[in-house]
Amino acid sequence: MNYQDTVSWMFQQLPMYQNKGNSAFKKDLTNTLKLSKHIGEPHERFKSIHVAGTNGKGSTSHMLASVLQEAGYKVGLYTSPHLKDFRERIRINGNVVSKQFVIGFIKRNKSFLETDNLSFFEMTVGMAFDYFAKQEVDIAVIEVGLGGRLDSTNIITPELSVITNIGFDHMQMLGDTLEKIAAEKAGIIKQNIPVVIGETQTETEAVFKAKAKVKDSEIYFADQLVKHTLESDLKGSYQIHNIKTVLQSVEVLQHSGYKISETQLKKGLLNVMKNTSLQGRWQVLQTQPKIICDTAHNKEGLSCVMRQLQAEIFNVLHLVFGVVNDKDLHSIMPLLPKNATYYFCKPDVQRGLDVEALRSVFARNGLIGKSYNSVNEALNKAKANATKDDLIYVGGSTFVVAEII
């Protein structure tokens with residue numbers, strides 16, 4: 001199999017959350033542990049930082065990786081989902097895993113993966129851990145895929161656990177209260193391993209403190225402890241929370257013996273996109289008219305982004321918008337501006353919500369627009385309609401953004 005065949009085969013294996021939604025969520029770590037044993041427990045051969053949270057875990061992971069790179073470490077970075085190419089999920093010092101490694105890993109382990117019915121996510125985590133071990137990274141930043149406690153990444157014992165915040169997303173799998181969701185994320189807190197919590201929330205603070213106490217883990221609430229922040233090249237106003245989380249995390253790492261100077265910290269935060277190739281976070285695609293895209297896709301994420309959008313100066317606001325079919329539209333409706341022209345589209349994944357269904361729900365809530373056959377068609381129409389003083393925003397789903405960057 002060539003690279004394209006290999007990736008297609010992986011996508012067809014037991015459900016891929018990116019496409020399918022909840023049916024891809026597995027309720028235990030048995031398969032991951034089996035695969036890890038089969039390939040020689042690679043996760044035991046490199047140090048790691050484990051990052052969970054409803055919003056901000058991707059940005060925080062990339063920031064941490066960038067800072068550690070600037071400090072001279074060889075840094076693995078595992079994140080999900082990818083935007084354009086599967087290999088974006090597995091990087092070392094910003095460079096994606098080679099096509100040859102992807103092909104070779106599947107070829108070597110294909111019969112095992114088939115016999116044991118491993119899911120797309122399980123085999124991807126195994127591949128990442130194998131790659132980091134073989135490449136002898138100094139440390140890897142590992143972003144949780146979904147939840148924490150039962151996520152395939154949760155076989156590692158990291159140097160540090162990080163939980164950015166808790167919001168309402170993936171409730172079908174993680175629970176319908178913030179406390180329940182926090183309990184799932186708290187599953188990454190390990191015995192005697194420090195944990196940084198990004199944002200203190202009334203409903204979740206006690207959950208994290210209780211778990212940390214049971215695990216004898218030092219717990220740090222970044223928003224309570226960090227008084228001064230630094231600039232980043234990630235310009236979303238919501239990044240302030242992630243920057244504080246990173247600053248607190250770096251302080252804990254420094255206490256553990258990691259050598260990171262103030263200059264390296266500043267440079268790391270200012271060069272996240274250059275060092276890690278992160279995209280889709282309040283990303284300005286062009287000016288005149290200004291086009292901004294952002295992967296925010298749930299209530300908490302969108303409320304931050306919409307506040308920042310309203311602070312922009314423009315004549316007319318054009319919103320190119322699409323979602324996946326398990327999104328709670330009623331929780332995000334009140335956040336979206338009524339005084340805007342909407343261009344509805346369906347992201348090109350199985351989970352994409354039918355565009356007419358989306359348009360009719362929005363219309364019932366006074367948000368008016370037309371539907372289009374693809375994200376690009378919707379964006380092109382918005383561009384055709386916009387004057388140079390207008391603003392076009394593209395978002396609603398990671399997968400909408402993926403199609404236009």
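The structure reproduced in this document is the subject of the present report.

## Quick word on the packing of helix α1 (residues 3–12) against helix α5 (residues 99–115)
Close contact between α1 and α5 brings their axes to 10 Å; oriented N to C, the two are set at 45°. Of the possible angle classes, the one that applies to α1 and α5 is oblique. Between α1 and α5 the crossing geometry is left-handed. Each of Tyr3, Thr6, Val7, Trp9 and Met10 in α1 lies in contact with α5, whose residues at this interface are Lys99, Val102, Ile103, Ile106, Lys110, Leu113 and Glu114. When grouped by side-chain class, the residues that make up the contact of α1 with α5 number eight nonpolar, one polar and three charged.

## Details of the sheet that holds strand β13 (residues 369–371)
One open sheet holds the six strands; their spatial order is β9-β10-β14-β11-β12-β13, and the pairing between them is mixed. This sheet does not close on itself; its edge strands, each paired only once, are β9 (283–286) and β13. Taking the axes of each pair of neighbouring strands and ignoring which way they run, one obtains an average angle of 20° across the sheet. Taken together, the four bridges between strand β10 (residues 290–293) and strand β14 (residues 391–395) define a ladder with parallel strand orientation.

## A word on the sheet that holds strand β2 (residues 75–78)
Strand order across the open sheet formed by eight strands is β4-β3-β2-β5-β1-β6-β7-β8, with mixed pairing between neighbours. Looking along the sheet, the strands with just one partner apiece sit at the ends: β4 (95–96) and β8 (219–221). Across two bridges, the pairing between strand β3 (residues 90–92) and β4 is antiparallel. The partner of Arg91 across the bridge, within β4, is Val96. Across the sheet, helix α6 (residues 120–134) is in contact with β2, β3, β4 and β5 (139–143); its angle to β3 comes to roughly 15°.

## Let's talk about helix α12 (residues 262–270)
What α12 keeps buried is the set Leu265, Gly268 and Leu269. The buried side chains of α12 occupy one side of the element, clustering within an arc of 95° when seen end-on.

## Focus: the nonpolar core
Residues Met10, Met127 and Phe132 are the most contacted members of the largest nonpolar core, which totals 36 residues. Those elements that provide at least two residues to this core are α1, β3, α5, α6 and β5. Tallying contributions element by element places α6 first for this core, with ten residues. Leu68, Tyr73, Val226 and Val250 belong to the second-largest nonpolar core, a separate cluster that totals 31 residues.

## Remarks on the packing of aromatic side chains
For the structure shown, the criterion picks out 14 aromatic pairs. Ring plane angle 85° and centroid distance 5.8 Å describe the contact between Phe46 and Phe132, whose orientation is recorded as edge-to-face. Residue Phe46 is located in the loop between α3 (30–38) and β1 (47–52), and its partner Phe132 is located in helix α6; the two are separated by 86 residues in the primary sequence. Phe132 carries the same exposure label as Phe46, and that label is buried. Consider the rings of Phe344 and Phe362, whose centres lie 5.0 Å apart with planes at 70°: the pair is edge-to-face. Residue Phe344 is found in strand β12 (residues 341–344), and its partner Phe362 is found in helix α16 (residues 355–364); the two are separated by 18 residues along the sequence. With respect to burial, Phe344 and Phe362 carry one shared label: buried. One Lys or Arg, Arg87, reaches over the ring of Tyr3 and ends 5.5 Å from the middle of that ring. Over the aromatic face of Phe101 sits the side chain of Arg108, whose NZ or CZ is 5.8 Å from the ring centroid.

## A closer look at the side chain of Ser48
In this fold, Ser48 is placed in strand β1. In contact with Ser48, not counting residues within four places along its chain, are Ile139, Ala140, Ile142, Ile156, Thr157, Pro158, Glu159 and Leu160.

## Describing unusual backbone geometry
With omega at -5°, the peptide bond leading from Ser80 into Pro81 counts as cis. Of note, Pro81 is situated in the loop between β2 and β3. Cis peptide bonds are those with omega within 30 degrees of zero, and the linkage from Gln288 to Pro289 qualifies with -5°. Positive phi, close to 50°, is recorded for Glu41, a residue that is not glycine. Tracing the backbone shows Glu41 in the loop between α3 and β1. Of the residues examined, Glu41 reaches a relative accessible area of 25% and is grouped as partly exposed. Despite not being glycine, Asn117 shows a phi value in the positive range, around 55°. Examined against the element boundaries, Asn117 turns out to sit in the loop between α5 and α6.

So, how was this worked out
- Per chain, residues are indexed from 1 in the order of the written sequence.
- Side-chain atom pairs in this predicted model are given and counted only at pLDDT of 80 or more, local residue features only at pLDDT of at least 70, and totals for whole chains, interfaces and linings cover all residues.
- Heavy atoms throughout the structure, all of them, feed into the side-chain values; hydrogens and water do not.
- With axes taken as lines fitted to C-alpha atoms, and helix axes fitted only over the stretch in contact, angles between N-to-C directions fall between 0 and 180 degrees.
- Numbering goes from the N terminus for both helices and strands, where a helix is a DSSP run of H or I of at least four residues and a strand is a run of E of at least two.
- Angular relationships are summarised with four words: roughly parallel below 35 degrees, roughly antiparallel beyond 145, roughly perpendicular across 65 to 115, and oblique for the angles in between.
- Helix crossings get a hand from a simple test, with the near helix turned counterclockwise from the far one by less than a right angle marking a left-handed crossing and a clockwise turn marking a right-handed one.
- In this description, contact between two residues means that some pair of their heavy atoms is separated by no more than 4.5 Å.
- The classification used treats Ala, Val, Leu, Ile, Met, Phe, Trp, Tyr, Cys and Pro as nonpolar, Asp, Glu, Lys and Arg as charged, and all other residues, Gly among them, as polar.
- Two strands pair if DSSP finds at least two bridges between them.
- For the exposure calls, accessible area comes from a 1.4 Å probe over protein chains only, and a residue counts as buried if that area is under 20% of its type's maximum, exposed if over 50%, partly exposed in between.
- Directions pointing from the helix axis toward each C-beta atom define the arc.
- The nonpolar core is taken to be a set of buried Ala, Val, Leu, Ile, Met, Phe, Trp, Tyr and Cys residues, with the residues joined through side-chain atoms within 4.5 Å.
- Only rings of Phe, Tyr and Trp enter the pairing, Trp through its six-membered ring, and a pair is recorded when the two centres are within 6.5 Å. The plane angle decides the type: under 30 degrees is stacked, over 60 is edge-to-face, the rest tilted.
- Ring-over charges, as used throughout, are those where CZ of Arg or NZ of Lys falls within 6 Å of the ring centre and within 35 degrees of the ring normal.

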